[in-house]
Amino acid sequence: MKLVPEIAALVPEMKSWRHRIHAHPETAFEEIATSAFVADKLRSFGLEVHTGLAKTGVVGVLRAGSGGDAIGLRADLDALPIQEKTGVTHASRNAGKMHACGHDGHTTMLLGAASALERTKRFDGTVYFIFQPAEENEGGGRVMVEEGLFDRFPMRAVYGMHNWPKMPVGTIAAKAGPLMGAYDIFEIVVTGKGAHAAMAYQGKDPMLFAAHAINALQTIVARNLHPLDAGVVSVTQVHGGDTWNVIPQEVVLRGTVRTFKREVQDLIEQRMRTIVAGIAAMFEMSATVRYERRYPATINSEEEARHALAAASAVVGAANVDTDPMPEMGSEDFAFMLAAKPGCYIWLGAGRGPETPGLHNPYYDFNDDALAIGASYWVTLAEQQLAAGLRRAA
Ligand SMILES: [Zn+2]
Ligand SMILES: [Zn+2]
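We now turn to the structure provided with this report.

Definitions and limits used
- Residues numbered from 1 in each chain as written.
- Chains lettered and ligands numbered in written order.
- Predicted model: local features only at pLDDT ≥ 70, side-chain atom pairs only at ≥ 80, totals over all residues.
- Heavy atoms only, no water.
- Salt bridge = Lys/Arg side-chain N within 4 Å of Asp/Glu carboxyl O.
- Buried < 20%, exposed > 50% of the residue type's maximum accessible area, 1.4 Å probe, protein only.
- Donors = N, O, S within 2.8 Å, 3.2 Å for Na, K, Ca; no water.
- Tetrahedral: all angles 85-135°; square planar, octahedral: opposite > 155°, others 65-115°.
- Helix = DSSP H or I, 4+ residues; strand = E, 2+ residues; numbered from the N terminus.
- Pairing = 2+ DSSP bridges.
- Core = buried A, V, L, I, M, F, W, Y, C linked by side-chain atoms within 4.5 Å.
- Axes fitted to C-alpha atoms, helices over the stretch in contact; angles between N-to-C directions.
- Phe/Tyr/Trp six-rings, centres within 6.5 Å; stacked < 30°, edge-to-face > 60°.

### Some remarks on the pattern of salt bridges
At step 1: Considering all chains together, one arrives at 25 salt bridges under this definition.
At step 2: Of the charged contacts in the structure, one is a salt bridge between Glu292 and Arg294, with a shortest N-O distance of 3.0 Å.
At step 3: Exposure remark for Arg294: the relative accessible area of 29% places this residue in the partly exposed category.
At step 4: A network of salt bridges, in which partner residues are shared, links Glu187, Arg254, Arg290, Glu292 and Arg294.

Structure below.
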């Protein structure tokens, strides 16, 4: 392990920032206090600070030397609507809200990196420290891109990270290509004809539609997808009926689709529409499908993945870097930044062993042992990527 010395010295302070943010979680686009805390800290380090992008987003700007090269490092600010059960002293003071995805740790590591890089300035160019709101569900990363993040702050590449409790602390994983899936949602509303349940022949039973549709939708992955392409179709909600003896008029099915490729996404949506229309026709009912593409897949570019892995190896050692991790179908709105710019998203090991609670679990708490590693990775990556001018000067 090769921690950046200025980061190692900052660990007690980073822990206190992390615990403070953890105790005061705020959810999507309401990260007012968290955003103010970040902006104050960046200003106190001496950075130029821009606020208000995507409402609560913050961008810190740090320049060194005379080079025109620039990269962006991104963290997320938001918490989740979960009631915390950890019982730790820094547990959430905001009822029903919790930093259960470790964005408190992400924010802290990027603050630590900003503080260290401002003091050492062992780089030539510009580092943009991007703190985005609303990573969970609401696409704050998309809003930042739409509001001109990359026009206002031109950068060659953008980098992101997420703590990963399934991997032991002291390890890092990433690779070129897709690392996390695209996130789509769907809602199917089928309208039959309500009737007395004992006189079902007088109605058209939408429950029957639901039973057939849930089964048939699974055939898309099983029978329409190439066996080496990835896709998940999950029906997660069934709403219909209120009592024992009534066939309802309407049933609503909702769920999610996860994919890595646009062609697979198109195929699943098209097959879903065909299957729903077919079953509805078979039972003489009408059905509608609302299909919404929320987040694209998180796809790392070749060159930037190499850069990220080089920085990771410099910090945790090549033996502790997994360069071919199995991708996950969970989603990440850093995908919107990667769709606009080359870059790389890594997983930072944060596990304490097999019993470590997973992300979004009410017993989860970011592992403070990962703080110095993640922040050292940021500093190392920035120094390696913006070293050209220093080499020329030497
Ligand atoms: Zn999350
Ligand atoms: Zn997260």
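What follows picks up the thread again.
### As for the coordination of the zinc ion (ligand 1)
At step 1: Around the zinc ion (ligand 1), the protein contributes the donor atoms Cys101 (SG), Glu136 (OE), Glu136 (OE) and His360 (NE2), at 2.0 to 2.8 Å from the metal centre.
At step 2: Seen from the zinc ion (ligand 1), its 4 donor atoms lie at angles of 51 to 151°, and the figure they make is irregular.
At step 3: Site description for the zinc ion (ligand 1): donor spacing in sequence, C-x34-E-x223-H.
At step 4: Taken as a pair, the zinc ion (ligand 1) and the zinc ion (ligand 2) lie 3.1 Å from each other and share Cys101 as a ligand. Pair noted here: Cys101 is in the loop between β3 (70-76) and α4 (103-120) and His360 is in the loop between β16 (343-351) and α11 (371-385), with a separation of 259 residues, a long-range link.

### Observations concerning the sheet that holds strand β4 (residues 125-132)
At step 1: Taken together, 8 strands build an open sheet; the order of strands is β1-β2-β4-β3-β5-β16-β6-β15 and the sheet is mixed. Of all strands in the sheet, those with a lone pairing partner are β1 (48-53) and β15 (321-322), marking the two edges.
At step 2: Bridge count between β3 and β4: 7 bridges; the pairing is parallel. Residue Gly72 lies in a different strand from β4, and its bridge partner there is Tyr128.

### Comments concerning the nonpolar core
At step 1: Of all hydrophobic cores here, the largest spans 62 residues; its most connected members are Leu42, Leu73, Phe129, Phe131, Tyr159, Tyr377 and Trp378.
At step 2: Per-element tally for this core: the top contributor is α11, with 9 residues.
At step 3: By size, the runner-up hydrophobic cluster in this structure holds 26 residues, among which are Ala54, Phe150, Trp164 and Met180.

### Looking at the coordination of the zinc ion (ligand 2)
Six octahedrally arranged donors around a metal ideally form angles of 90 or 180 degrees; four tetrahedrally arranged donors ideally form angles of 109.5 degrees.
At step 1: The coordination sphere of the zinc ion (ligand 2), as far as protein atoms go, consists of Cys101 (SG), His103 (NE2) and His162 (NE2), spread over 2.0 to 2.3 Å.
At step 2: Expressed as a motif, the donor residue spacing for the zinc ion (ligand 2) is C-x1-H-x58-H.

### So, the sheet that holds strand β12 (residues 250-259)
At step 1: Strands sit in the order β10-β12-β8-β13 across an open sheet of 4 strands; the sheet is antiparallel. Taken across any chain shown, the strands that pair with only one partner, and hence form the sheet edges, are β10 (231-239) and β13 (286-295). Taking each pair of neighbouring strands and ignoring which way they run, the sheet shows an average axis angle of 20°.
At step 2: The sheet contact formed by strand β8 (residues 182-191) and β12 spans 10 bridges and is antiparallel.

### Side note on the packing of aromatic side chains
At step 1: Taken as a whole, this structure holds 7 aromatic pairs when the rule is applied.
At step 2: Measuring from ring centre to ring centre gives 5.9 Å for Trp17 and Phe45, while their planes differ by 40°; the resulting arrangement is tilted. Highlighted residues: Trp17 in helix α2 (residues 11-23) and Phe45 in helix α3 (residues 32-45), separated in sequence by 28 residues.
At step 3: Site record: aromatic cluster; members linked through ring pairs are Tyr183, Tyr295 and Phe336.

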